[in-house]
Structure formats: structure tokens, C-alpha cells
Amino acid sequence: MKTPIATSEQKQSIPKKETDTILKVSNLSIFYGSNQAVKHATFDIDKNKVTALIGPSGCGKSTFLRSINRMNDLIPIARSEGEIMYEDVNILNKNINVVALRKEIGMVFQKPNPFPKSIYNNIAHALKFYGIQKKKVVDEIVEESLKKSALWDEVKDRLHESAFSLSGGQQQRLCIARTLAMKPNVLLLDEPSSALDPISNAKIEELILQLKDEFSIVIVTHNMQQASRISDKTAFFLNGDVVEYDRTETIFTNPSQQKTEDYISGRFG
Amino acid sequence: MENTTTSARERLVKSNKNKSNGELRGKMIVTLSAIIMITATVAITVFLATKGLQAFLVNGVSPIEFLTSTDWNPTDEGNPKFGAFPFIYGSLAVTLLSALIAAPIGIGAAIFMTEIAPAWGRKILQPVIELLVGIPSVVYGFIGLTVLVPFIRNQFDGIGYSLLAGTIVLSVMILPTITTIATDAMGTLPRNLREGSYALGATRWQTIRKVLVPAALPSLLTAIVLGMARAFGEALAVQMVIGNSRAIPSSILDTSATLTSIITLNMGYTTYGSVENNTLWSMGLILLIISFVFILIIRYLSSRRRI
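Fair warning: this is a prediction, and the values are worked out from it, not measured in the lab.

Novice: Explain the overall build of chain A residue by residue, including any values.
Specialist: Looking only at helices and strands, one finds 11 helices and 10 strands in chain A. Relative to the globule expectation of 18 Å for 269 residues, the C-alpha radius of gyration of chain A, 18 Å, shows essentially globular dimensions. Relative to all contacts within chain A whose residues are 6 or more apart in sequence, the contacts with residues 24 or more apart total 69%.

Novice: Describe the interface of chain A and chain B, with residues and values.
Specialist: At the junction of the two partners, chain A supplies 26 residues and chain B supplies 15 residues. Every element with two or more residues in the side of chain A that touches chain B is listed here: α3 (98–104), β6 (105–108), α4 (119–130) and α7 (168–180) of chain A. Split by residue class, the side of chain A that touches chain B holds 14 nonpolar, seven polar and five charged.

Novice: Explain the UniProt feature "domain: ABC transmembrane type-1" (unreviewed entry) in chain B to me, using residue names and the numbers behind them.
Specialist: Following the UniProt record, one finds the feature "domain: ABC transmembrane type-1" (unreviewed entry) at residues 88–298 of chain B. Annotated as 80% helix and 0% strand, the span residues 88–298 of chain B places its first and last C-alpha atoms 21 Å apart.

Novice: How would you explain helix α6 (residues 137–155) of chain B if you had to name every residue and give the values?
Specialist: Residue and element names in this part refer to chain B. Relative to the 27 Å expected for 19 residues at 1.5 Å per residue, α6 spans 25 Å between its end C-alpha atoms, a close match to the ideal helical length. The largest bend along α6 measures about 40° and falls at Leu145. Every buried residue of α6 is listed here: Tyr140, Gly141, Gly144, Leu148, Val149 and Ile152. Turning to α6, the residues buried within the fold contact α7 (163–187) and α10 (236–242).

Novice: Tell me about the UniProt feature "transmembrane region" (unreviewed entry) in chain B, and please be specific about residues and values.
Specialist: Residue and element names in this part refer to chain B. The UniProt entry lists residues 29–49, 87–112, 124–152, 158–182, 211–232 and 280–301 under the feature "transmembrane region" (unreviewed entry), expressed in the numbering used here. As annotated, residues 29–49 has a helix share of 100% and a strand share of 0%, and its two end C-alpha atoms lie 30 Å apart. End C-alpha atoms of residues 124–152 are separated by 30 Å, and the span's content is 93% helix alongside 0% strand.

Novice: Run through the environment of A:Val137, naming residues and quoting values.
Specialist: For A:Val137, the position within the fold is in helix α5 (residues 135–148). Considering only alpha carbons, one finds A:Val137 and A:Ala124, 13 residues apart in sequence, at a separation of 9.7 Å.

Novice: Which residues make up the environment of B:Ala202, and what values go with them?
Specialist: Along the chain, B:Ala202 turns up in the loop between α8 (191–199) and α9 (204–233). Taking the C-alpha atoms as reference points, B:Ala202 and B:Leu221, 19 residues apart in sequence, are found 25 Å from one another. Once residues lying within four places of it in the same chain are set aside, the contact partners of B:Ala202 are A:Phe129, B:Ser197 and B:Thr207.

Novice: Go over the sheet that holds strand β2 (residues 35–46) of chain A with me, naming the residues and quoting the values.
Specialist: Residue and element names in this part refer to chain A. On the basis of which strands lie adjacent, the open sheet formed by four strands has the order β2-β1-β4-β5 and antiparallel pairing. The outermost strands of the open sheet, each flanked by one partner alone, are β2 and β5 (89–90). Where strand β4 (residues 78–86) lies against β5, two bridges are found, and the strand directions are antiparallel. Within β5, the residue paired with Tyr86 across the bridge is Val89. Set on the sheet, helix α2 (residues 61–68) makes contact with β1 (21–32), β2 and β4; between it and β2 the angle comes to about 60°.

Novice: So what's going on with the packing of helix α4 (residues 85–116) of chain B against helix α5 (residues 118–134) of chain B? Residues and values would help.
Specialist: Residues and elements named next belong to chain B. Direction vectors running N to C along α4 and α5 enclose 140°, while the axes themselves pass 6 Å from each other. The orientation of α4 with respect to α5, classified from their angle, is oblique. For the pair formed by α4 and α5, the contact residues are Ala109, Phe112, Met113, Thr114 and Ile116 on the first element and Pro118, Gly121, Arg122 and Leu125 on the second. Among the residues making up the contact of α4 with α5, the classes are represented as six nonpolar, two polar and one charged.

What counts and how
Residues numbered from 1 in each chain as written. Chains lettered and ligands numbered in written order. Predicted model: local features only at pLDDT ≥ 70, side-chain atom pairs only at ≥ 80, totals over all residues. Helix = DSSP H or I, 4+ residues; strand = E, 2+ residues; numbered from the N terminus. Rg over C-alpha atoms; globule rule 2.2 N^0.38 Å. Contact = placed C-beta atoms within 7 Å. Nonpolar A, V, L, I, M, F, W, Y, C, P; charged D, E, K, R; others polar. UniProt positions renumbered as here; feature names shortened; annotations may be inferred. Expected span 1.5 Å × (residues − 1). Bend = angle between axes of the 7 residues up to and from the residue. Buried ≥ 20, exposed ≤ 12 C-beta atoms within 10 Å, placed from the backbone. Pairing = 2+ DSSP bridges. Axes fitted to C-alpha atoms, helices over the stretch in contact; angles between N-to-C directions. Parallel < 35°, antiparallel > 145°, perpendicular 65-115°, else oblique.

Below, the structure is given as C-alpha cells:
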């Protein structure tokens, strides 16, 4: 499996418009064995916006998210139908080079998962996958990504200490920095701050708002305040169905579906 | 329970009266097991130490000569020589060489089982490993003797009995040890480490080489050291193929001997309490000490496992 390194140049050639669509999901169904986790989801995800996926546990939102960069491929019994159009390709196609895809569509997980290496190497390491080895270039990207993830000031004097010496919130921002270093187009965040304390949580939210100028962000969250604070659009998942998808304001103030209203007002879930 | 008028003191304060018999019996059985085990270990160690030191303390064999001299001729009437260095060298050489062969294969097989083909890889390799463990060492030696030794004799110069033959037999023998522990080490790596790497666009091979193997390295080293400890202590199979010569081998096609093979070969021919017999005990003591070093290395590696 060869991985092309031409993605950054390709990216520049795409014109930036205000309300572009980055991902066009249509009739997406995902199965785990015979269990259907996502049912005929159809909606567009905006470019350079934050899209929040909310819903009770087990509603399929994480499964949906993981299908966008084909992480579900790692689960042998998972299969999907329908399509997710990214530019001019269907991501779910068999002929997609998932390694190249994951460089363009990065993902950060619920539990911080830094590699058992130094802070510096956690990022440098990701660049090696990419073929970037030159020390000077690596140094620059490490600094740039750590600055973008608002971690630079906290770690600049101890870049070569173990990533495990960081707090949970710092580790998560390191994982975000690591993903940013790949210069992805889309950033998938799977409950990135649910395992963190409120202060770290606030930092991550602040970070997400800053990042959306450069990246299209899809975030799964259990925290509805978080969804309302940071997202432009919100999709409400329930039992695998996308019950409602609209501007976040609308979802939280004037939802069109009774189920959505019940959920956001805390009547179930 | 039926007598509700007893005071709290009677019901709750510890006394010998209400200690149930089963409780005491259970405790005694497990304590006894522990004591037996500790006693056996201590007794063997003490016995081996006293016997092993006798050659030096009673018979006046020089420890320096024993450890460094290459001259082994204990039966010489006038001037017996007790240089055990060739055997120490042989033991270490055969151990290191077999680890050199078995470690990459064992770890490779472990990676195959955990990362490449977890479903059917494990299904096939697991019974293979169990089978390898179950084959008695005398059978390994016998196969080595009838297949390997003639093969080496025909392919290269020499008599076939060689360091190489011992190395090959031993590497097959320690393969299951290394594979099993390495598989456990790879299998217990957190799943999110894998996901983190794949999500960054790493290929499977990059994930294995740059993330998983480094993360599992302390455990993988433990696997290798445990394999080496097994190789170091193995006597029978090695003795059958290594040739048991007294000189330091000049190539891997040369005959050689190990501490264990010399002990098993000569134990029956020496009289208890004789100098030669005592020097065999000294070799046993060296085996014990080096095994202990292996254990220390494993302990050290395990303690480094948390990064």
C-alpha cells in the first residue's frame, strides 16, 4: 500500500467558499453483524464549521463518526451501505486507500491515547508516517501544532519528557496536536473532553472554536451544553436514526421533532 | 443466629470459640504449601552453595582457575586441571545464539497472531505452540541426533556434532516460550494505541513497527530473557548433539560443551565427595547464579514496563 504525499498541495487548489459542503452523507447504513447501528443517515456536513452529533449512548453517533475515516474497518464484523461523498469520491468505496484517507480525515478519541514516547516524538512520529523526517521541518511542525492546540506554552520546556507525564487534558490536546500535524481537512472528535475535568474541557472547547477556521470539525458529544456552545449544526441520533439535523440554534431552541425536544430537555437519554 | 439475647461483645469480638474450623484448616493448608515451597528453594540453594563451594574451600581448587582456565582434566593423576571456562563459554554461546535465532521468529509469529491474522493465525499457531512445549527434550535431542547432526556433517566439514546443532535444537525448544509471552505482551497493548496510530494514517506495518513493538518492548525483552533462561538450563537435548569436547569452539561448526551437558555426562562417573564431583557441583552453582541473573534482568525489565 503506497501512500501519496501530495495531499497538502491538493488542498490548496480547492477554492474556499463560505458554506461549502465537505462531506455528503447519503443513505448511510452501518451494521455490526446483523445489528444495524446506523439507519439510512442522510445529511451534509459543512466545510469549516463544527458539526455536533448528539444522542444517548448506543445511538450510533460514534459508529457514524468512525465510518468517516474508515476506523470501522478495524472491526471485522462491521460493514456499511450507502455513501459518504468527500470531494468527488465515495469514502466507503472498497478502492479507497484508507491510509491516505486517514491523513486527510484525522480523528481524536474519547480517551487520550498518546504513544508511549516523548511529547516531541508523539508528533514527530506521526510525521514519519507521512514521510517527513528532516529535523528542521519536524521541529517547525511540532511547534506549530502544539501552538495550534494551545499546549506549546505548557510544554515547550519539556518536549522530551514522556507524554505520560502530562495531565489528562494536556494529553488530549497533545493527541489533537498530533492529528493537526498531519494537516487534515476534516477533524473527527469522539467525545474529546468527556474524560476530562471542567477546566481542561473549557480549553478543548476554546481550541475547537479556534480550529474551525482551518478545519471542518465533526464532534460527538454527550454534553449538550458543549454542543450548543461550540457547534454550528447539530444532528440528533436516536437508535441509529438521524432524528433531526439543523442549525444548532434551531435544534436547541425550536426543534421540529418531539423526540429531539424530549432529549435536549432531559426527559430521557 | 437463634440466640438473639447474646451481647454484641459475644457476637462480634474475636475469640477462639467462634473461629470456624474450616477457616483455620484452609489457612493451614495454603500456609503449609507456601512453607514447603520456600523451604525447598532455600534448601536447594543452601545445599548447592555448600557443595559448590567445597571444591574451592576444601579441595583447594582455585576459583580463578575454575572460572578462567580453559584446561579441564580432572582425572589426571599427578596434576588434575579444573578450568571450566570452555563450558561456561559454551553455555553462554549456545544460549545467545539460540536466542538470536528464536527471538525474531518467536516475536514475528506473535505479531502475526495478534496483528495480522488474529482469527485463524491463533487457531493454527496456538496448538502448534502447545505441541512444541509438550515434546520432551529427549525427543528433541534424538531428532537432532538423527536428522540434524548427519545433515550438518554432510553439508559442512566436521563431524556434525557442533555448537550449531545445539543452537538449532535449543532455538526450536525455546521458540514456544518466546512466542507465548510475546503474544501476551502484544495482546495486552491497549486497543486505543492501535486506533491512535491508524487514525493518524499509519499503515499496519508502521503501526506495528513504530508504535506497538516499542510499546511492548520491555515485555518482549522479558520473553527473550525467559527463553534464554530455558536454553541455559537445558541439558539433555544439548548434550546429545553438541559433541561435548573440552576445548573452546573456534567456530559454530566445532564441537563444544555446556555446563549442563558436562554435569549430566560426568555425574555418574565420579565418586561423591571427590574433587571432580565437587567441581561439578560448582558448575551447578554457577548455573544457579546465572539463572538468578536472568531473573534479575526480567525483574528489571518488568519494572520498566510502565513508561
